[in-house]
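Listed below are the residues making up each chain.
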Number of protein chains: 2
Amino acid sequence: MFQLTDKEQEYLHKIGSEISYPKGQIIFSSGQKTNEIYYIISGFVKIYRTTEDGRQVSVALRYPGDFIGLAEVLSNSSERVYSAEAMDKVKLLINWQNPFKKMLADMPDFSRKLMELMSHRLREAQNTIYDFIMNPTQGRLALVLLEMAERSGSPGENGLINVSLRVTQEELACIIGASRQTVSSLLNLLKEDGSIVYERREIVAVEVRKLKNWIQNAK
Amino acid sequence: MFQLTDKEQEYLHKIGSEISYPKGQIIFSSGQKTNEIYYIISGFVKIYRTTEDGRQVSVALRYPGDFIGLAEVLSNSSERVYSAEAMDKVKLLINWQNPFKKMLADMPDFSRKLMELMSHRLREAQNTIYDFIMNPTQGRLALVLLEMAERSGSPGENGLINVSLRVTQEELACIIGASRQTVSSLLNLLKEDGSIVYERREIVAVEVRKLKNWIQNAK
DNA sequence: TATTTTATGTCAGCAACACGACAATAAATT
DNA sequence: AATTTATTGTCGTGTTGCTGACATAAAATA
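These lines cover the structure that appears in this document, whether it is placed above or below. Please read all numbers here as calculations on a predicted model, not as lab measurements. (Residues numbered from 1 in each chain as written. Chains lettered and ligands numbered in written order. Predicted model: local features only at pLDDT ≥ 70, side-chain atom pairs only at ≥ 80, totals over all residues.)

### Focus on the overall build of chain A
Within chain A, the regular secondary structure consists of eight helices and twelve strands. The C-alpha atoms of chain A give 18 Å as radius of gyration, which agrees with the globular expectation for 219 residues (17 Å, within 12%). Seen through its principal axes, chain A has C-alpha atoms that stretch 55 × 45 × 30 Å. Here chain A holds 219 residues, and the buried ones make up 37% of them. Long-range pairs, those at least 24 residues apart, make up 71% of the contacts in chain A between residues at least 6 apart in sequence. (Helix = DSSP H or I, 4+ residues; strand = E, 2+ residues; numbered from the N terminus. Rg over C-alpha atoms; globule rule 2.2 N^0.38 Å. Buried ≥ 20, exposed ≤ 12 C-beta atoms within 10 Å, placed from the backbone. Contact = placed C-beta atoms within 7 Å.)

Structure representation (structure tokens):
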């Protein structure tokens, strides 16, 4: 849905620089000064907040081709509201605020495109709210697995998507707002059912059709 | 947080026209063609979706000074995704898509301001997700009542906000994602506790401090 | 290879909350 | 004023999913 033109890519590369983070690395965290935005080249990133009692609550996942840290820059907030963590080995393009803002001013089409992106993200977030209200835990787990597979896997035969998701149950729990124990049981349910292939702490493939059966109200 | 300049107000009025809707009126609904955006002059509006089995799920409330129907226009979606309903007697300014887009092009500052608005909304939606994960039903109810009071009431003495909220329990239920019966009990709990003044099916005032005690993790 | 750390599986007990049912009340309509 | 309709209060029952506890297994480290 979001595609940069060659010219935009080029511009971004010229004013930014590539940077890699290992899995688990925190890219920025809540409360920090807002100085930069990131463009995801590969890997995926969790946007989350830590509660007083130390629990993490995830509100979004971002995949290659998307920006992170955008909302603060576009709304001129001086401090980060949410934190971002690499869920994977991640390759990013880091861009400082000022040149980026200049780029926005220089390229009205790019600016319009970002407006589209923000609108799209708002819809996504609202869909997440909808899903939380409509779906019990299994449904939310199925939704998240499906999304991760579609975004970072490669389609195989008869509705199978091959992936390589090394996500702990703890991580999944904080994304879907459930307890770790529940995620454990559910993953095994999905496995027995043939909805996912889950071996040695890694999700290897998902069966789109079967997985969708666990979701109440598909979009 | 979102303020229009006199010039912008004037422009909007020039290219748009005022329109009033009674409580319960549907302003636009999911699936309709996107032709216009609305600016809320008074009253408030629910953004929601209806599920297959007829239940309503609300994802946001919009108050005076805010736009509705914006995301589709800004992202060039031809169809409405969510529906909008007047929760009150509502006065709106209706603006057709094309003149509005021209306004965006004509006034870069306005355009930037809308970008800020969308960023802000995204944060709001993410905060809602966070609240859903962190707070049990009472907390979400308290949050919604607090927001409605702060946005549409007038501050009285010692932390009291006077309002006049004629919202059915059914409505509240679909906003916080709970059953009507649970809302019923909770409202009475809040009433006994002195967190709200609730008389003859109308919420007359809220006690900010006490109400906040029901919320797990205040923003 | 041995040891420690981290992640997973599983269970029992408990609390929150949904659902259906129905009575009671207020509001709207005739 | 009488009747209908919409809204609210309050049950009991059942389910879901949380918590804490502990065993097991895999991975990381020494």
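### Focus: the sheet that holds strand β8 (residues 90-96) of chain A
Residue and element names in this part refer to chain A. Pairing is antiparallel across the open sheet formed by four strands, whose spatial order is β1-β8-β3-β6. Bordering the open sheet on either side are β1 (17-21) and β6 (67-68), each of which pairs with just one other strand. Examined bridge by bridge, strand β3 (residues 36-42) and β8 share six bridges and lie antiparallel to one another. Paired with S42 across the bridge in β8 is K91. Lying over the sheet, helix α3 (residues 97-106) contacts β3 and β8, oriented at roughly 80° with respect to β8. (Pairing = 2+ DSSP bridges. Axes fitted to C-alpha atoms, helices over the stretch in contact; angles between N-to-C directions.)

### With respect to the sheet that holds strand β11 (residues 196-199) of chain B
Residues and elements named next belong to chain B. With respect to topology, four strands assemble into an open sheet ordered β9-β10-β12-β11, the strand pairing being antiparallel. In this open sheet, the two edge strands, each paired with only one partner strand, are β9 (154-155) and β11. The sheet contact formed by β11 and strand β12 (residues 202-207) spans four bridges and is antiparallel. Bridging from a neighbouring strand, E199 pairs with E202 of β12. Sheet strands in contact with helix α5 (residues 137-152) are β10 (160-165), β11 and β12, and its direction is about 90° off that of β10.

### Details of the protein's contact with DNA strand C
Close to DNA strand C lie 17 residues; A:Q169, B:P136, B:T137, B:S179 and B:T182 are nearest. Every element with two or more residues in the surface near DNA strand C is listed here: α6 (169-176) and α7 (180-193) of chain A together with α7 (180-193) of chain B. Ranked by the residues each element gives to the surface near DNA strand C, the list is headed by α7(A), at five residues. Tallied by class, the residues present in the surface near DNA strand C amount to three nonpolar, ten polar and four charged. (Near = placed C-beta within 6 Å. Nonpolar A, V, L, I, M, F, W, Y, C, P; charged D, E, K, R; others polar.)

### Here we look at the relation of the copies chain B and chain A
Rotating chain B by 180° and translating it 0.0 Å along the rotation axis places it on chain A, where the RMSD comes to 0.0 Å. Look at the turn and shift together and you get a two-fold axis relating the two. For chain B, the residue whose C-alpha comes nearest the rotation axis is B:L122, separated from it by 2.5 Å. (Least-squares fit on C-alpha atoms with pLDDT ≥ 70 in both.)

### Comments concerning the pairing of strand β4 (residues 45-50) of chain B
All names here are of chain B. Sheet topology note: the β4/strand β5 (residues 56-62) ladder contains six bridges and is antiparallel. Within β5, the position partnered with I47 by the bridge is A60. Here β4 folds back onto β5, and the loop between the two strands holds five residues, one of which, G54, carries a positive phi near 90°. As judged from the four bridges shared by β4 and strand β7 (residues 83-86), these two strands associate in the antiparallel manner.

### Some thoughts on the protein's contact with DNA strand D
Around DNA strand D sit 17 residues, and of these A:P136, A:T137, A:A178, A:S179 and A:T182 come closest. At the level of elements, α7 of chain A together with α6 (169-176) and α7 of chain B are the ones that each hand at least two residues to the surface near DNA strand D. In terms of residue count, the dominant contributor to the surface near DNA strand D is α7(B) (five residues). The class makeup of the residues in the surface near DNA strand D is three nonpolar, ten polar and four charged.

Treat this as a map of the structure, not an account of what it does.
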